[in-house]
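Per-entry structural report
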Amino acid sequence: MHVFITGGTGLIGSAVVAELLAHGHTVLALARSDASAAAAEAAGAEVLRGGLADLDTVRAGAARADGVIHLAFSNDFSSAEAVARSVAEETAALTTMGEALLGTGRPLVTCSGTPWIPGRPSVESDPLPTDGPVGGRGRTVTAILALAAQGVRSSAVRLPRTVHNNGTGGFAGLLTQIARQSGTSGYPGDGTQRWPAVHALDAAVLFRLALEQAPAGSSWHAVADEGDEVRAIAEVIGRRLSLPVKPLPTEAFGPLGEIFATDQPASSEHTREALGWKPVHPSLLEDLENIGA
């Protein structure tokens, strides 16, 4: 397939591009900056210059492709307003790509987070949250999956709170950044809340499998670690950075504090059985040992 990808030079996207190329697909990568364009070309992808806000460009990229994988997000979590702007930008771009694929039967693979379900790990059939700080993403992904009724083979890969590679990435990466800035490796609450995780290279395999195989309207969990206690994550970060480890107020974690404090384990049993996905790379706690002081 000739695949159009957004976010193709990020932590996850670069792994997805490599996975696609290694399995005989060709890639057209959206690139906003010169640095991103150079990275995409070096990886072996064709480049389409533009950003998510360039809706005509995004539409053209989707129309040229046999399939689409969407990964781009501004990742500005500095304030609730910034998160809302990022969600709105993504919604417009995803809606545009979906419209370009109506009636074609081509795959559109998007992403979201795994949902949190009180008292148990979430599963693929659980609905995404549509309220809270990132509820807009849940509403958008739900709308994209509904395009299955209009001739789009849409699917969603639900990513855990931490997608990691070489000790960086995801919510654990944000905890590391906060620790470096504050001088304390902190965690909200009592730290027993659990976050699921996956290595970026394992997640990349699932994106490819969804592109190739996923039925229209389906959701999948890219979860290798069902749930690591946040306190255990903070303890590794503190040890690697030689910083004290202690609880901090939820407000210390900014607009994501509410999510950081939530117990949100997730299962991928159905994904493994249905698509034959088998994560093989290091767990989060193992990978965090790569953090450098």
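Placed above this text is the structure.
Residues numbered from 1 in each chain as written. Predicted model: local features only at pLDDT ≥ 70, side-chain atom pairs only at ≥ 80, totals over all residues. Heavy atoms only, no water.

1. Details of the environment of Leu275
Turning to its location among the elements, Leu275 is positioned in helix 10 (residues 269-275). In this structure, Leu275 is in contact with Leu206, Leu209, Gln213 and Trp220, ignoring residues within four places of it in sequence. (Helix = DSSP H or I, 4+ residues; strand = E, 2+ residues; numbered from the N terminus. Contact = heavy atoms within 4.5 Å.)

2. A word on the packing of aromatic side chains
All told, the structure shown has 4 aromatic pairs when counted by the stated rule. One aromatic cluster in this structure is built from Phe171, Trp195, Phe253 and Phe260. Geometry around Phe73 places Arg137 over its ring, the cationic atom sitting 4.1 Å from the centre. (Phe/Tyr/Trp six-rings, centres within 6.5 Å; stacked < 30°, edge-to-face > 60°. Lys NZ or Arg CZ within 6 Å of the ring centre and 35° of its normal.)

3. Side note on the nonpolar core
Counting 35 residues, the largest nonpolar core has Ile5, Val16, Ile69, Leu71, Val157, Leu159 and Phe207 as the members making the most contacts within it. At the level of secondary structure, the elements contributing two or more residues to this core comprise strand 1 (2-6), helix 1 (11-22), strand 2 (26-31), helix 2 (34-43), strand 5 (107-113), strand 6 (153-159) and helix 7 (200-213). Here this core gets 8 residues from one element, more than from any other, and that element is helix 7. With sequence-adjacent residues up to four places away left out, Ile69 is seen in contact with Val3, Phe4, Ile5, Thr6, Val16, Leu20, Val109, Phe207 and Leu211. By size, the runner-up hydrophobic cluster in this structure holds 22 residues, among which are Ile178, Ala197, Val230 and Leu248. (Core = buried A, V, L, I, M, F, W, Y, C linked by side-chain atoms within 4.5 Å. Buried < 20%, exposed > 50% of the residue type's maximum accessible area, 1.4 Å probe, protein only.)

4. Remarks on the sheet that holds strand 9 (residues 194-199)
Read across the open sheet, the 3 strands follow the order 7-9-11; overall the sheet is mixed. Because the sheet does not close on itself, it has two edges, and the strands there are strand 7 (162-164) and strand 11 (225-229). Across the sheet, the axes of successive neighbouring strands diverge by a mean angle of 40°, strand direction being ignored. Two elements, strand 9 and strand 11, share 3 bridges in a ladder whose sense is antiparallel. Bridged to Arg194 within strand 11 is Glu229. Its contacts with the sheet put helix 6 (residues 170-182) on strand 7 and strand 9, and the angle it makes with strand 7 is roughly 85°. Helix 7 contacts strand 7 and strand 9 of the sheet and is inclined by roughly 75° relative to strand 9. (Pairing = 2+ DSSP bridges. Axes fitted to C-alpha atoms, helices over the stretch in contact; angles between N-to-C directions.)

5. Brief notes about the packing of helix 3 (residues 55-64) against helix 4 (residues 80-100)
In contact at an axis separation of 8 Å, helix 3 and helix 4 are set at 40° when each is read in the N-to-C sense. If you check the angle between helix 3 and helix 4, you find them oblique. For the element pair helix 3 and helix 4, the recorded crossing hand is right-handed. Between helix 3, through Leu55, Val58, Arg59, Ala62 and Ala63, and helix 4, the contact on the second element is made entirely by Ala92, Ala93, Thr96, Met97 and Ala100. Along the lines of polarity and charge, the residues of the contact of helix 3 with helix 4 split into 8 nonpolar, 1 polar and 1 charged. (Parallel < 35°, antiparallel > 145°, perpendicular 65-115°, else oblique. Left-handed = near helix turned anticlockwise from the far one by under 90°. Nonpolar A, V, L, I, M, F, W, Y, C, P; charged D, E, K, R; others polar.)

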